[in-house]
Amino acid sequence: MSDPAPLPKTSRPTTAPTRVSFPVERWILAPRTTWQARRIAADFGPGMDASTAWTMARLQRHLDEYPCMVKHLDGDQTS
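Let me sum up the structure you'll find in this document. (Residues numbered from 1 in each chain as written. Predicted model: local features only at pLDDT ≥ 70, side-chain atom pairs only at ≥ 80, totals over all residues. Heavy atoms only, no water.)

### Here we look at the packing of aromatic side chains
According to the stated counting rule, one finds one aromatic pair in the structure shown. R26 extends its terminal NZ or CZ atom over the ring of W54, reaching a point 4.1 Å from the ring centre. (Phe/Tyr/Trp six-rings, centres within 6.5 Å; stacked < 30°, edge-to-face > 60°. Lys NZ or Arg CZ within 6 Å of the ring centre and 35° of its normal.)

### Here we look at the nonpolar core
With twelve residues, the main nonpolar core is built from F22, A30, A37, I40, A41, M48, A50, A53, W54, A57, L59 and M69. Mapped by element, the contributors of at least two residues to this core are α2 (31-44) and α3 (50-61). Here this core gets five residues from one element, more than from any other, and that element is α3. When neighbours within four sequence positions are excluded, A57 is seen to be in contact with T33, Q36, A37 and I40. (Core = buried A, V, L, I, M, F, W, Y, C linked by side-chain atoms within 4.5 Å. Buried < 20%, exposed > 50% of the residue type's maximum accessible area, 1.4 Å probe, protein only. Helix = DSSP H or I, 4+ residues; strand = E, 2+ residues; numbered from the N terminus. Contact = heavy atoms within 4.5 Å.)

### Some details on the packing of α2 against α3
Here α2 crosses α3 at 120°, and the two axes come no closer than 8 Å. When the interaxial angle is binned, α2 and α3 end up oblique. Both α2 and α3 take part in a crossing whose hand is right-handed. Facing α2, whose interface residues are R32, T33, T34, Q36, A37, I40 and A41, α3 presents A53, W54, M56, A57, R58, Q60 and R61. (Axes fitted to C-alpha atoms, helices over the stretch in contact; angles between N-to-C directions. Parallel < 35°, antiparallel > 145°, perpendicular 65-115°, else oblique. Left-handed = near helix turned anticlockwise from the far one by under 90°.)

### Quick notes on α2
Between its first and last C-alpha atoms α2 spans 20 Å; for 14 residues at 1.5 Å apiece the expected length is 20 Å, and the two agree. All of the buried residues in α2 are T33, T34, A37, R38, I40 and A41. Within α2, the buried residues cover an arc of 165° as seen down the axis, which keeps them to one side. Counted as exposed and oriented over 90 degrees from the buried face of α2: R32, A42 and D43. Where α2 is buried, its residues contact α1 (24-29) and α3. (Expected span 1.5 Å × (residues − 1). Arc of directions from axis to C-beta.)

Okay, here's the thing in structure tokens:
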């Protein structure tokens, strides 16, 4: 009797899920916004940076800050 064929090895994904990290100051000064930004970044995946996630979370709660956030995201491009 021959041995059964070996089971194929299952490979792990080559990219491990990474969390976006936020500075401690953001956790202290705006914990709800930072928590929501962390969730947005986790839902979006590895292509989302911390600044964009935080801005999206902030705009969900404070729409009046939209002009300031647009300048922040554009950086020097609006000059």
